[in-house]
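In case you want the letters, here they are:
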Amino acid sequence: MSLIVQKYGGTSMGDPQRIKVVAERLLQTQRQGNSVVGVVSAMSGVTDSLLRLAKEVSSKPLERELDMLLATGEQTTSALTAMAIEALGGRAISMTGAQAGIVTNTFYTKAKINRIFPQQILSFLHEGFIVIVAGFQGETSEGEITTLGRGGSDLTAIALASALQAHECQIFTDVDGVFTCDPRLVPQAKKIDLLAYEEMLEMASSGSKVMQSRAVEFAKKFNVPFEVGHSFKTIPGTRVQEESPGMEQVVVRGISVERNQAKVTITNVPDHPGYAASIFSAIAEAHLIIDVIVQDVSAYGTTNISFTLSNEELDKMGDLLEQIVQSIGAGEVRKESGIAKLSVVGIGMRTHSGVAAKLFECLAQGGINIQMISTSEIKIAVIIDEKNIQQAAELTHQAFGLDQ
Ligand code: ADP
Ligand code: ASP
Ligand code: MG
C-alpha cells in the first residue's frame, strides 16, 4: 500500500462543486489501494479578502492576529472536503496544522517548520481515514497559531510528504504543470516534463509562483520529489526531482517574470569599507527583503548603490533610507517603481556559454533597455521597465526556442 500526499490549491477549492470533485479524486485515490493525505488551500481569493478585512479594522494589524485570521481560510476548506468525502460514502477527518503535528517557530505570517509529529495522522490513516490537513499553518511549541507565508500550502504538502515518508507527493493546481513561462503571460509556453529541484527553486524564487519557493527549498534539502499537475485532469504533469545526468543538455529550461518591483538608488555613498555594510545591515534589521544590488564604479571617492525590491517592501521601508543617508553622509535617495525582472533559468548554463549574449541581443532587438543585470550559476536576470515585460518574455521565449 502506498502513501500519497495530494495538495489542492485555491482555485481547485473555489466553490462547493469543485470541492466535491476534489473529494471524489481523493476517494478514488484511496480506492485504488493507497493511504491518502489531502492538503487543502483556502478557497481562491479568501486569504486576500481576509487580509483586506484586517486592513479595514486596523492600519497595522498585529501579525499574531493576522495568523489567527488567515488560518481560518484553510480550516474552512479542510472541514468542507472531509464532509464531502463522507457524503460520498468515504471516511475522512479534517485536521488543523496544529492537530497534524506541524510545529513552527514564532515568526508569525512566515513561520518556519521546526518539526512534524505525524503520529496522529498515521493512526487515522491506519484506521482507514482519508486525512485532510489545512494547508499553510502550524503552531508554535507554546500553542500559538502561525502561517507559513503566501502559497504556504505547498510547503505543508512537501513537509508532510517528507515526515510521513510518502511514496508520492502531488501538487494539484489550475495549470497542467510547470511551464516554460507563465502560460497566462506567454500563451505559447510549453509544459516541462522533468525539472531539477534547483531549476524549480530558481524559477519559483524569481517569480514563477506556481510553487512556493520555500516549499521547493524544503523539497531540495530533504530530497522530496514531487509532481505538479492539474487538479481536474489525469494527464501527467511536471516531475521535480534530484538532478540526473543528461538534464544539463537543456541550456534554458524556463523564463520567470516578477512584476511590481521598485528600484532604489543611494547617491554619493563614501567609497570606503563599511558604508555598504551599514546600509544593508539597517535594511536587514528592519526585516526588509531586497533583491538585485549594483554598485557603480567609484568616482571622486564616492559611488552610487542601487538595489531592487518589491513595491510592498518599499512601502514598508518608510523613511528608513533617508535616515541612513543622513547618518553616513551620502547624497540622496531615489525611488522608482514600475520595474520588473525577467530571469532565464537552466542548469545547462553551467556548461554552456553565450546565454547572456543571446538574452541581451534579443532585448536589444526589441528596443528594450536593461537597467540592471544579475547572474547565478544557473540564472541570468535583467531588470527592465515593467511596461516592456510582456514583450520581453515573448521575445526571450522565442529566442531560446522554448515554444518548440
Ligand atoms: P494554487 O492556488 O493552486 O496554489 P497558484 O496560483 O499559486 O495556484 O499557482 C498557479 C499559477 O501559477 C498558474 O495559474 C499560473 O498563472 C502561475 N504560473 C506562474 N509561472 C508559471 C509557470 N512557469 N508554469 C505554470 N504556472 C505558472
Ligand atoms: N491560502 C494561502 C495563500 O493564498 C496559502 C496557499 O494558498 O497556499 O497564500
Ligand atoms: Mg500556490
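See above for the structure.
For every chain, the first residue of the written sequence is number 1, and numbering continues from 1 along that sequence. Written order decides the labels, with chains lettered from A and ligands numbered from 1. Whole-chain, interface and lining totals are the exception, using all residues; otherwise, since this is a predicted model, local features are given only for residues with pLDDT of at least 70 and side-chain atom pairs are given and counted only at 80 or more. Here the side-chain values reflect all heavy atoms present in the structure, with hydrogen atoms and water set aside.

Asks: Explain unusual backbone geometry here, please?
Replies: A negative phi angle is the norm for most residues apart from glycine, just as the trans form is the norm for most peptide bonds. Residue Thr 109 is not a glycine yet carries a positive backbone phi of 75°. Counting from the N terminus, the helices are the DSSP runs of H or I reaching at least four residues and the strands are the DSSP runs of E reaching at least two. Here Thr 109 shows up in the loop between strand S4 (102–104) and strand S5 (113–116). The backbone of Asn 268 sits at a positive phi, close to 50°, despite the residue not being glycine. Looking at the secondary structure, you find Asn 268 in strand S13 (residues 254–270). Relative accessibility under 20% of the residue-type maximum defines a buried residue, over 50% an exposed one, and the middle range a partly exposed one, all with a 1.4 Å probe and only protein chains included. By relative accessible area, which is 40% here, Asn 268 ends up partly exposed.

Asks: Please clarify how the pattern of salt bridges should be interpreted in this entry.
Replies: In a structure, side chains of opposite charge can pair up when their charged atoms sit close to one another. For this document, the term salt bridge refers to a Lys or Arg side-chain nitrogen within 4 Å of an Asp or Glu carboxyl oxygen. For the coordinates displayed, the defined rule picks out 21 salt bridges. Among the ionic pairs, Lys 233 bridges to Asp 176, the shortest N-O distance being 2.9 Å. Taken as a pair, Lys 233 in the loop between strand S11 (226–230) and strand S12 (238–241) and Asp 176 in the loop between strand S9 (168–173) and strand S10 (194–196) lie far apart in primary sequence, 57 residues in all. A salt bridge links Lys 335 to Glu 322; the nearest nitrogen and oxygen atoms lie 3.4 Å apart. Taken as a pair, Lys 335 in strand S16 (residues 333–345) and Glu 322 in helix H10 (residues 320–328) lie far apart in primary sequence, 13 residues in all.

Asks: Could you clarify how one ought to interpret the pairing of strand S6 (residues 130–134) in this entry?
Replies: Looking down a regular strand, the side chains alternate between one sheet face and the other. Counting buried positions along S6 yields 5 of 5 residues, so the element is predominantly enclosed. Neither face of S6 is exposed, since Ile 130, Ile 132 and Ala 134 on one face and Val 131 and Val 133 on the opposite face are all buried. In short, DSSP must find at least two bridges between two strands for them to pair. Sheet topology places strand S2 (residues 34–40) next to S6; 4 bridges connect them, and they run parallel. From the neighbouring strand, Val 39 faces S6, where its bridge partner is Val 133. Where strand S3 (residues 92–95) meets S6, 4 bridges bridge the pair, whose relative direction is parallel. Residue Met 95 lies in a different strand from S6, and its bridge partner there is Val 133.

Asks: Mind showing me how you'd approach the site of ligand 1 here?
Replies: In this text, near means that some heavy atom of the residue lies within 4 Å of the molecule or strand in question. Close to ligand 1 lie 17 residues, the nearest being Thr 173, Asp 174, Phe 179, Asp 182 and Arg 184. Polar contacts, as used here, are pairs of N or O atoms within 3.5 Å; protein pairs need one atom able to donate a hydrogen and one able to accept it. Residues neighboring in sequence count only if both atoms are side-chain atoms. Separating an oxygen atom of ligand 1 from a backbone N or O atom of Lys 209 is a distance of 3.5 Å. Summarising the interface, the protein chains cover 83% of the accessible area of ligand 1, which totals 570 Å² for the free molecule. A breakdown of the residues in the shell around ligand 1 according to their chemical character gives 7 nonpolar, 5 polar and 5 charged. For every accessible area listed, the method is Shrake-Rupley and the probe measures 1.4 Å; residues are considered covered only by the protein chains on display. Polar here means any residue outside two lists: the nonpolar Ala, Val, Leu, Ile, Met, Phe, Trp, Tyr, Cys and Pro, and the charged Asp, Glu, Lys and Arg; Gly therefore counts as polar.

Asks: Is there a simple way to explain the sheet that holds S6 in this structure?
Replies: Two orientations exist for strands paired in a sheet by backbone hydrogen bonds: parallel and antiparallel. Taken together, the 8 strands give an open sheet; going across it, the order is S3-S6-S2-S1-S9-S11-S12-S10, and neighbouring strands pair in mixed fashion. With partners counted over all chains shown, the strands left at the sheet margins are S3 and S10, one partner each. Adjacent strand axes in the sheet meet at a mean angle of 20°, parallel and antiparallel pairs treated alike. Here S10 pairs with S12 via 3 bridges, running parallel. Paired with Leu 194 across the two strands is Arg 239, which belongs to S12. Geometry is summarised by axes, namely lines fitted to C-alpha atoms with helices restricted to the contacting stretch, and by angles between N-to-C directions that run from 0 to 180 degrees.

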